[in-house]
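Reading the structure
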Amino acid sequence: TLIKLKSLINNQINDENAILLTTSGTTSNPKFVRISKKNIFENTYQIQKYLKINQKQKTITTLPMAYSYGLSIINTHLEFGAKIYLNEVSPVNVKFWQIVKNQKITNFSTVPQICDFLKRIKFEKFLTKNIKYLAVAGGRTNFETLKYINNVCKFNKINFFVMYGQTEASPRMSYIDVTKNNKIKSIGKPLVGGKMKIINNEIVYFGKNVSLGYAKDIRDLYLGDINKGKLYTGDYGKKDNEGFFYITGRKKRISKLFGLRINLDDIELSLNKRGYKVFLNINDEKIDIVYDHKYNENSIKNYIRKKYNINENYISCTKKITKNIFK
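One structure accompanies this document, and this report is about it.

**A few points about the overall build of the protein**
Helix and strand counts for the protein come out as eight helices and 19 strands. Dimensions of the protein along its principal axes, counting C-alpha atoms only, are 55 × 55 × 45 Å. Looking at the 327 residues of the protein, the share that counts as buried comes to 51%. For the protein, the proportion of contacts with a sequence separation of at least 24, taken over those separated by at least 6, is 65%. On the protein, roughly 17300 Å² of surface is accessible, and the fraction owed to carbon and sulfur atoms is 50%. Taken together, the 57 basic and 26 acidic charged side chains of the protein have centroids lying 3 Å from each other.

Listed below in structure tokens is the structure:
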């Protein structure tokens, strides 16, 4: 069996597969996204065109390299000769800001939860004159937090980029510098070389950075380019008369938390199997659970925390006496 498996690996895996990155977040249906070198280089150059990354820039790592967003930060800076400070300190730690100051960091990237933390610590008091831009991606940022960071950046003459993407797009698809216009709720316009269309109310992206397809087991590694440069995002959206796109809803019951896509159906099913009658709402800030009044809230939270490694501060439980919502 091992000899046969080795033969299959050596002879049939498509050599376009350069890297496999996980998706579907923390739930029970993980799969890999098959990304090619062409996908990576295309997106790297697309990102450089709006961030203007060059040898004068120096970033600091705030996200894991195994996360598509974190990897793209490293790729874009290395490709264009910028410097990267490898960091293990949280942005809420004063040591992080000491590094930013001492190393003369020019930019750093965040996800929505980091933005919430920046607001709590009033990060404007730590900013230095070397910071040229901040960026956020990985889900919908709380609107009040978004406005706060935007105002801080405007006051300090720092560009603030809100970016939209998915691992399947290697990973960026659109961007907007919200300090330069009033479309703060928009995901912006497509990257240079990419296109977006609204098809049956869904945002569909076209570009050379679209991944080859998925891999759920070794047999999928034999496949070629399934997507053919076309990605159905699963997000409902609209486009205004100036070409800016907006997300209006989700086609699937997916929440994005900590930059991860979390399948609500998986968590709901898992809780149901354990005997809890619950319903999960789509929410990019917390796991939002409506539960039957006869259950204990703490036991539900403890189960999710242990099984999915999600902090209880990001689990919201609402008790409902009526059973109509569960029909």
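**A look at unusual backbone geometry**
Pro 171 follows Ser 170 through a cis peptide bond whose omega is -5 degrees. Its location among the elements puts Pro 171 in the loop between strand S7 (159-165) and strand S8 (172-177). Unusually for a residue other than glycine, Asn 201 sits at a positive phi of about 70 degrees. Locating Asn 201 in the fold gives a position in the loop between strand S10 (195-199) and strand S11 (202-206). In this model, Asn 309 sits at a positive phi of 55 degrees, which is unusual for a non-glycine residue. On the secondary structure map, Asn 309 appears in the loop between helix H8 (297-308) and strand S19 (315-320).

**Some words on the sheet that holds strand S1 (residues 19-23)**
An order of S1-S2-S12 is seen for the three strands of this open sheet, with the pairing classed as antiparallel. The open sheet is flanked by S1 and strand S12 (213-215), the only strands paired with a single partner. Direction aside, the axes of adjacent strands within the sheet are offset by 40 degrees on average. Here strand S2 (residues 31-35) pairs with S12 via three bridges, running antiparallel. Note that in S12 the partner of Arg 34 across the bridge is Gly 213.

**Some points on the side chain of Glu 268**
Relative to the helices and strands, Glu 268 resides in helix H7 (residues 264-273). In contact with Glu 268, other than residues within four places in its own chain, are Arg 253, Val 278, Phe 279 and Leu 280.

**Considering the packing of aromatic side chains**
Any pair of aromatic rings gets described here by the distance separating the centres and the angle formed by the planes. One pass over the structure, following the stated rule, counts twelve aromatic pairs. Between the aromatic rings of Tyr 50 and Phe 161, the centroid separation amounts to 5.8 Å while the plane-to-plane angle is 55 degrees, which identifies the pairing as tilted. Linking Tyr 50 in helix H2 (residues 37-51) with Phe 161 in strand S7, this pair joins segments that are 111 residues apart in sequence. We note that Tyr 50, like Phe 161, is buried. Clustering of aromatic rings is evident, with ring pairs tying together Phe 96, Trp 97, Phe 108, Phe 123, Phe 126 and Tyr 148. Sitting over the face of the ring of Tyr 69, Arg 172 holds its NZ or CZ atom 4.9 Å from the ring centroid.

The rules we used
Residues numbered from 1 in each chain as written. Predicted model: local features only at pLDDT ≥ 70, side-chain atom pairs only at ≥ 80, totals over all residues. Heavy atoms only, no water. Helix = DSSP H or I, 4+ residues; strand = E, 2+ residues; numbered from the N terminus. Buried < 20%, exposed > 50% of the residue type's maximum accessible area, 1.4 Å probe, protein only. Contact = heavy atoms within 4.5 Å. Areas by Shrake-Rupley, 256 points an atom, 1.4 Å probe, with all protein chains shown as cover. Lys, Arg positive; Asp, Glu negative; His and termini not counted. Charge placed at Lys NZ, Arg CZ, Asp CG, Glu CD. Pairing = 2+ DSSP bridges. Axes fitted to C-alpha atoms, helices over the stretch in contact; angles between N-to-C directions. Phe/Tyr/Trp six-rings, centres within 6.5 Å; stacked < 30°, edge-to-face > 60°. Lys NZ or Arg CZ within 6 Å of the ring centre and 35° of its normal.

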